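Structure at a glance
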Amino acid sequence: MKLFVYGSLRTGCYNHHHLEGAEFVDFTVVKDHVMVDLGAYPAAIEMNGKQIVGEVFEVDTTILNNIDILEGYNKYDEEDSLYVRKKVKTDLGECFIYIWNDEIDWEGAMLEDWLEVA
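**Describing the overall build of the protein chain**
- For the protein chain, the count of helices and strands is one helix and six strands.
- Starting at the N terminus and walking to the C terminus, you meet the elements of the protein chain as β-β-β-α-β-β-β.
- The C-alpha radius of gyration of the protein chain comes to 13 Å, within 12% of the 13 Å expected for a compact globule of 118 residues.
- With the C-alpha coordinates of the protein chain rotated into their principal frame, the extents come out at 35 × 30 × 25 Å.
- The buried share among the 118 residues of the protein chain stands at 44%.
- Contacts in the protein chain between residues at least 24 apart in sequence constitute 66% of all its contacts with a sequence separation of at least 6.

**Points about the pattern of salt bridges**
- In this structure the tally under the stated criterion is three salt bridges.
- In this structure, Asp-68 and Arg-85 form a salt bridge, with 2.8 Å as the shortest nitrogen-oxygen distance. Here Asp-68 is found in helix H1 (residues 61-70), whereas its partner Arg-85 is found in strand E4 (residues 83-90), with 17 residues between them in sequence. The pair Asp-68 / Arg-85 is uniform in exposure class, with both members buried.
- Put simply, Lys-87 and Glu-94 hold a salt bridge, and the shortest N to O gap is 3.8 Å.

**A word on the nonpolar core**
- Counting 35 residues, the largest nonpolar core has Leu-3, Phe-4, Tyr-6, Leu-19, Val-59 and Ile-97 as its most contacted members.
- For this core, the secondary-structure elements that each account for two or more residues are strand E1 (2-5), strand E2 (23-37), strand E3 (42-58), H1, E4 and strand E5 (93-100).
- Among the elements that make up this core, the one with the highest residue count is E3 (seven residues).
- Those residues in contact with Phe-4 that sit more than four places away from it in its chain are Thr-28, Val-29, Val-30, Ile-52, Val-53, Gly-54, Glu-55, Val-56, Cys-95, Phe-96 and Ile-97.

**What to know about a nonpolar patch on the surface**
- A contiguous nonpolar surface patch, about 350 Å² in accessible area, is contributed by Tyr-14, Leu-38, Tyr-41 and Leu-82.
- Within the secondary structure, Leu-82 sits in the loop between H1 and E4.

**Notes on H1**
- When H1 is considered as a whole, its buried residues turn out to be Ile-63, Leu-64, Ile-67 and Asp-68. Take H1 and look down its axis: the buried residues cluster within an arc of 145°, on one side only. Counted as exposed and oriented over 90 degrees from the buried face of H1: Thr-62 and Ile-69.
- Looking at where H1 begins, the residue whose side-chain oxygen comes 3.2 Å from the main-chain nitrogen of Thr-62 is Asp-60.
- Gly-72 occupies a position one or two residues after H1 and carries a positive phi of about 70°.

Thresholds, definitions, all that
Residues numbered from 1 in each chain as written. Predicted model: local features only at pLDDT ≥ 70, side-chain atom pairs only at ≥ 80, totals over all residues. Heavy atoms only, no water. Helix = DSSP H or I, 4+ residues; strand = E, 2+ residues; numbered from the N terminus. Rg over C-alpha atoms; globule rule 2.2 N^0.38 Å. Buried < 20%, exposed > 50% of the residue type's maximum accessible area, 1.4 Å probe, protein only. Contact = heavy atoms within 4.5 Å. Salt bridge = Lys/Arg side-chain N within 4 Å of Asp/Glu carboxyl O. Core = buried A, V, L, I, M, F, W, Y, C linked by side-chain atoms within 4.5 Å. Patch = residues over 30% accessible without salt bridge, like charges linked within 9 Å, V, L, I, M, F, W, Y side chains within 5 Å. Areas by Shrake-Rupley, 256 points an atom, 1.4 Å probe, with all protein chains shown as cover. Arc of directions from axis to C-beta. Polar contact = N/O pair within 3.5 Å; in protein donor to acceptor, adjacent residues only side chain to side chain.

Written out as structure tokens, the structure is:
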């Protein structure tokens, strides 16, 4: 399965080691989403007309489950999860992405590419 990463999981960033054993596919964008700078890490939210730059990796179930833990995602309790894992369409096919699951004050902090600030 494919996973789109846009923040601290990207190549060269501090959480990338969680993708050890995953196969890099390519760079791409996710449309109709925007990234918000939360300080130590970003959050993706849906927003028409915006896009997020990131990387796609082919991951197995073990890696995906470990990323779920890192992102605070619980598939049995999505309402109380920090992020939720959803599928999005990209030019590389359908990918999972982690979307922020709470209210956010994002005025003036919208980003397209995390590596521009990381």
